[in-house]
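Summary of the model geometry
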Amino acid sequence: MRVALLVGPLSMALGTASILTGWTWPWARRKVKKPRIFGLGALMVGTACLVQGLLHFQTTPTGPWQMRFLNALVICGLAVLAAGQGSSLRRKS
């Protein structure tokens, strides 16, 4: 869980930079079509990782509903990240 405490703030910083300026990692620029949406997804995933890391060390009160909410936040964040990349299920011909 220590990794989540490192990845969370890094992802949140990336998400904030993407939302405010449209900046993404240099190796992701070709894939990301909508950087602001991509940034929102990174912010969602980073927040969930950070809070789960804090819950692991019991610095905040925990309960089963919080874990379900955070897992749902990660899944929704990953879906928003995919939407920001402009990936679709349709084939382009």
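Whatever comes next refers back to the structure up there.
The rules behind each value
Residues numbered from 1 in each chain as written. Predicted model: local features only at pLDDT ≥ 70, side-chain atom pairs only at ≥ 80, totals over all residues. Heavy atoms only, no water. Phe/Tyr/Trp six-rings, centres within 6.5 Å; stacked < 30°, edge-to-face > 60°. Buried < 20%, exposed > 50% of the residue type's maximum accessible area, 1.4 Å probe, protein only. Helix = DSSP H or I, 4+ residues; strand = E, 2+ residues; numbered from the N terminus. Expected span 1.5 Å × (residues − 1). Arc of directions from axis to C-beta. Contact = heavy atoms within 4.5 Å.

Moving on, we come to the packing of aromatic side chains. Taken as a whole, this structure holds 2 aromatic pairs when the rule is applied. Judged by centre distance (5.1 Å) and plane angle (10 degrees), the rings of Trp25 and Trp27 are stacked. Residue Trp25 is classed as partly exposed on the basis of its relative accessible area of 28%. These aromatic residues form a ring-pair network of at least three members: Trp23, Trp25 and Trp27.

Helical geometry: 3.6 residues make up each α-helical turn, so side chains three or four residues apart lie on a common side. In a regular helix each residue adds 1.5 Å, so 21 residues correspond to 30 Å; helix H3 (residues 64-84) covers 30 Å between its end C-alpha atoms and thus fits that length. All of the buried residues in H3 are Gln66, Leu70, Leu73, Val74, Gly77, Leu81 and Gly84. One side of H3 carries all its buried residues, which in axial view fall inside an arc of 100 degrees. Facing away from the buried side of H3, by more than 90 degrees, are the exposed residues Pro64, Trp65, Arg68 and Ile75. Close packing links the buried residues of H3 with helix H2 (35-56). Positive backbone phi, at 75 degrees, marks Gly86, one or two positions downstream of H3.

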